[in-house]
Amino acid sequence: MGGRFDVEAINLSKSGVLVGCSKKLVEHLLAQQEPVTQCQLCIIHPDQPDTVEMQCRLIFNRRRSQDSFQLGFNILQFEGSSEQVFDRYLSMLERSFR
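Here the structure is a predicted model, which means the values were calculated and not measured.

Draft legend 1. Up close: the pattern of salt bridges. Going through the model one piece at a time under the given rule, you end up with 4 salt bridges. For Lys23, the salt bridge identified is with Glu27, shortest N-O distance 3.9 Å. In this pair, Lys23 and Glu27 both sit in helix H1 (residues 23-30), 4 residues apart, roughly one turn of the helix. Owing to a relative accessible area of 32%, Lys23 belongs among the partly exposed residues under this scheme. The exposure class assigned to Glu27 is partly exposed, which follows from its relative accessible area of 46%. Sharing partners across several salt bridges, the network here consists of Lys14, Glu83 and Asp87.

And the structure:
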């Protein structure tokens, strides 16, 4: 597929990720020869040194406005120690909302 796009994480869970993105990314996904069903997501938090890399399946895309979309992904597998980093990050988020 190729390409790197910045997105905003809207919702994270142990099983999936909901992101907000621009029309440019959706157009890129739809322009592929083969339907895009799997891709790699990389989560970078500005206050955390570790990056989370995961293989995901695209399960839906929703248009919110002319240039605003949401993409929903199921997590298929984590790369390396990313699952532990992701668990720590989710725990940190849970504590901040209590």
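That was the structure; now back to the text.
Draft legend 2. View of the layout of surface pockets. Looking at the largest pocket, its volume works out to about 680 Å³. Forming the walls of the largest pocket are 25 residues, and the residues nearest its centre are Phe5, Val7, Gln40, Leu41 and Cys42. Contributions of two or more residues to the lining of the largest pocket are made by strand S1 (8-12), strand S2 (16-21), H1, strand S3 (38-44) and strand S5 (68-78). Split by residue class, the lining of the largest pocket holds 18 nonpolar, 4 polar and 3 charged. Approximately 170 Å³ is the volume attributed to the second largest pocket. If you go around the second largest pocket, the residues you meet are Ala9, Ile10, Asn11, Leu12, Tyr89, Leu90, Leu93, Glu94 and Phe97. Taken together, the elements giving at least two residues each to the lining of the second largest pocket come down to S1 and helix H2 (82-96). Its residues placed into classes, the lining of the second largest pocket shows 7 nonpolar, 1 polar and 1 charged.

Draft legend 3. How the structure looks around the side chain of Ser82. Assignment of secondary structure puts Ser82 in helix H2. A distance of 2.9 Å separates a polar atom in the side chain of Ser82 from the backbone oxygen of Glu79. Ignoring any residue separated from it by four or fewer positions in sequence, one finds Ser82 in contact with Thr51, Val52 and Glu53.

Conventions used here
Residues numbered from 1 in each chain as written. Predicted model: local features only at pLDDT ≥ 70, side-chain atom pairs only at ≥ 80, totals over all residues. Heavy atoms only, no water. Salt bridge = Lys/Arg side-chain N within 4 Å of Asp/Glu carboxyl O. Helix = DSSP H or I, 4+ residues; strand = E, 2+ residues; numbered from the N terminus. Buried < 20%, exposed > 50% of the residue type's maximum accessible area, 1.4 Å probe, protein only. 1 Å grid on protein atoms, 1.4 Å probe; cavity = no way out; pocket = protein on both sides within 12 Å on 5 of 7 lines; lining within 4 Å. Points joined across faces, edges and corners; volume = space filled by probe spheres on them. Nonpolar A, V, L, I, M, F, W, Y, C, P; charged D, E, K, R; others polar. Polar contact = N/O pair within 3.5 Å; in protein donor to acceptor, adjacent residues only side chain to side chain. Contact = heavy atoms within 4.5 Å.

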